[in-house]
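Summary of structural features
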Amino acid sequence: QVLLVESGGGLVQPGGSLRVSCAASGITFSNYGMGWYRQAPGKQREFVARIRSGGSTNYADSVKGRFTISRDNAKKTVYLQMNSLKPEDTAVYYCNAFLSQFEYWGQGTLVTVSE
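Residues numbered from 1 in each chain as written. Predicted model: local features only at pLDDT ≥ 70, side-chain atom pairs only at ≥ 80, totals over all residues. Heavy atoms only, no water.

Next up on the list: the overall build of the protein. On a plain count of helices and strands, the protein comes out with 0 helices and 11 strands. Listing the helices and strands of the protein from first to last along the sequence gives β-β-β-β-β-β-β-β-β-β-β. Rg of the C-alpha trace for the protein: 13 Å, near the compact-globule value of 13 Å for 115 residues, within the 12% margin. Based on the C-alpha atoms only, the size of the protein along its principal axes is roughly 40 × 25 × 25 Å. Burial status across the protein gives 40% buried among its 115 residues. (Helix = DSSP H or I, 4+ residues; strand = E, 2+ residues; numbered from the N terminus. Rg over C-alpha atoms; globule rule 2.2 N^0.38 Å. Buried < 20%, exposed > 50% of the residue type's maximum accessible area, 1.4 Å probe, protein only.)

This part covers the pairing of strand β11 (residues 109–113). Here β11 shows a buried face lined by T109, V111 and V113 and an unburied face lined by L110 and T112. Two strands pair when backbone bridges link them, and strand β2 (residues 10–12) and β11 are joined in this way by 3 bridges, in the parallel orientation. Bridging across to β11, V12 finds its partner in V113. One ladder, built from 3 bridges, connects strand β9 (residues 91–99) with β11; its direction is antiparallel. (Pairing = 2+ DSSP bridges.)

The next subject is the nonpolar core. Within the largest apolar cluster, 29 residues are counted, with the highest numbers of intra-cluster contacts made by M34, W36, V78, L80, M82 and Y93. Counting only elements with at least two residues in this core, the list comes to β3 (18–25), β4 (33–39), β5 (46–51), β7 (67–72), β8 (77–82), β9 and β11. (Core = buried A, V, L, I, M, F, W, Y, C linked by side-chain atoms within 4.5 Å.)

With that out of the way, let us pick up the packing of aromatic side chains. By the definition in use, this model includes 3 aromatic pairs. Ring geometry for Y37 against F47: centres 5.6 Å apart, planes inclined by 70°, an arrangement best described as edge-to-face. One end of the pair, Y37, is in strand β4; the other, F47, is in strand β5, and 10 residues separate them in sequence. You can call Y37 buried: its relative accessible area is 17%. Aromatic pair Y37 and W105: ring centres 5.0 Å apart, planes at 65°, arrangement edge-to-face. Placement of Y37 in strand β4 and of W105 in strand β10 (residues 102–105) is noted, with a sequence separation of 68 residues between them. Three or more aromatic residues joined by ring pairs form one cluster here, namely Y37, F47 and W105. Cation over ring: R45 sits above Y94, and NZ or CZ is 3.8 Å from the ring centre. (Phe/Tyr/Trp six-rings, centres within 6.5 Å; stacked < 30°, edge-to-face > 60°. Lys NZ or Arg CZ within 6 Å of the ring centre and 35° of its normal.)

If you want it as structure tokens, here you go:
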């Protein structure tokens, strides 16, 4: 059974930082690309960042320079370090694992950026 479990969400003030994590089980983690997506209230889910098995990364323009995705294959965990947070970053953040035709999702963790 594949499980992706996100953690680390919470309430943070504008300009603050937060790191969310996603722990994977049931997959050969090092073979999978890993991504983060988010869904704000009333909006569609959108791409945030991805890191491929080889370590290359991509970011949405809206987070480039503020967010950093990384992975620890030994811990089977992917991280998203979020700096200079803005109220518009408020969303449920979802972890995604992908390899060829296989794709898995976590349940999400809520990040709220507010005074």
